[in-house]
Structure formats: C-alpha cells, structure tokens
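Structural characterization, general
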Amino acid sequence: MLKTITTLLLIVLSFNTLAHGDEKHVNKDKQAIIDIIVGIKYGWENGDGAPFRKTFLDFKGARYVEGGGQNAGLDSLVTHHVEPEKEALEYLKLNFSDIEVHFEGEKKSFAWAIADTRVKGKVNKSGREFDKSGYQTFLFRKIDGQWKVVHTHSSSRDYRPKKKHAH
C-alpha cells in the first residue's frame, strides 16, 4: 500500500513539474511575442523598418493589412508604409493595450495575439490631426526557436470615448 501511494505521489509530482515547466516555457514565449509587439510600436512611431525586418517572416504571399489597404510582402510594408510615414507625419503615437497571446498546436509553434489599439498623429502637409482606436491582430510562427510575425491586420476608426451612463 505504501509503495502504491509513493508511486502515485511521484506521478503527481512529475506531472506538476512538467506542467510548471510548460507554463514557464509559455510565459517565456508570451514575453518574446510581447517584446516583438513593443518593437513594432517603436518601428511605427519612429519610421524605422529595422524591427520589422528583424521579427517579420519575409515570404512569398505575405500580406500585412493596415487602414483598409494591404502591403504584399515585408519590403512593401517597410518601404511604402512604415518608413514614409515618418516624413509624412509630424508625430505618431501608437499604443497597444490589453494584449492577449494564444498558442496553438501540440508543439505550440503557432501563436496569435490581439490588442486594443489607439493611434494619434498629425499630418505634415495638411496639419490635420487624427485620433483612432480599434484592434490589431498578429499571427506568429516559431521558426528555429524564434517567433516571427507572418501576418498582421489592423482595423480602426475615429476614437469615441465611452459615454458614462448616469444612474
């Protein structure tokens, strides 16, 4: 009887250790993905394509959807969208909040994240200021131990603060 209890206890401890090890691995992967998203924020705000080139998977058929349009391929996104905006805008402030990261598959080699977005800026040419809010979705694939962005989709509209209801 004591042998059976000892065996069961060892099995439970083993599963507990595996579960915590997996949780630590997931937390490390989640932080890696959040770090990529922080780099993307920096890239957009500073017109810097480097974070995109470092963390996006450049492959035939890649598409990145922003503001109702799309860029086919990483080079198009960086050279026709990210970098030119630095010159076209007096400022650009981007905020990702409430970031949710989800892992898929047995090996957890695919992940997706969704975030609330808020983007503010001022157009140099017209002086027009904008303030938009919406959502951003990121798809990731783990390749050679590194997370890479394989697709993004952003959707936003003019920011409208939520009205507080009087009771």
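Everything that follows concerns the structure shown earlier in this document.
Notes on the structure in this doc start here. (Residues numbered from 1 in each chain as written. Predicted model: local features only at pLDDT ≥ 70, side-chain atom pairs only at ≥ 80, totals over all residues. Heavy atoms only, no water.)

As a further point, take the nonpolar core. Grouped together as the largest cluster of nonpolar side chains are 30 residues, with contacts concentrated most on Ile-33, Ile-40, Trp-44, Phe-52, Phe-56 and Phe-140. Going through the elements one at a time, α1 (2-46), α3 (74-88), β3 (89-104), β4 (110-123), β5 (129-143) and β6 (146-158) are the ones with two or more residues in this core. Excluding its chain neighbours within four sequence positions, the residues that come into contact with Ile-33 are Val-101, Phe-103, Ala-111, Ala-113, Phe-140 and Trp-147. (Core = buried A, V, L, I, M, F, W, Y, C linked by side-chain atoms within 4.5 Å. Buried < 20%, exposed > 50% of the residue type's maximum accessible area, 1.4 Å probe, protein only. Helix = DSSP H or I, 4+ residues; strand = E, 2+ residues; numbered from the N terminus. Contact = heavy atoms within 4.5 Å.)

Burial along β4 is one-sided: the residues Ala-111, Ala-113, Ala-115, Thr-117, Val-119, Gly-121 and Val-123 are buried and none of Phe-110, Trp-112, Ile-114, Asp-116, Arg-118, Lys-120 and Lys-122 is. Pairing of β3 with β4, which is carried by 13 bridges, proceeds in the antiparallel orientation. Its bridge partner being in β4, His-102 is matched across the sheet by Trp-112. Following β3, the chain reverses through 5 residues before pairing antiparallel with β4; Gly-105 in that reversal takes a positive phi of roughly 85°. Looking at chain direction, β4 and β5 are connected through 13 bridges and run antiparallel. Across the sheet, Thr-117 pairs through a bridge with Gly-134, a residue of β5. (Pairing = 2+ DSSP bridges.)

Further remarks concern the packing of aromatic side chains. For any pair of aromatic rings, the description rests on two quantities: the centre-to-centre distance and the angle between the ring planes. Following the criterion strictly, the structure yields 6 aromatic pairs and no others. Relative to Phe-52, the ring of Trp-44 lies with its centre 5.5 Å away and its plane at 85°, an arrangement referred to as edge-to-face. Each member of the pair, Trp-44 together with Phe-52, is buried. Put simply, the rings of Trp-44, Phe-52, Phe-56 and Tyr-64 touch in pairs and so form one group of aromatic residues. A cation sits over an aromatic face here: Arg-118 above Tyr-159, 3.3 Å from the ring centre. (Phe/Tyr/Trp six-rings, centres within 6.5 Å; stacked < 30°, edge-to-face > 60°. Lys NZ or Arg CZ within 6 Å of the ring centre and 35° of its normal.)

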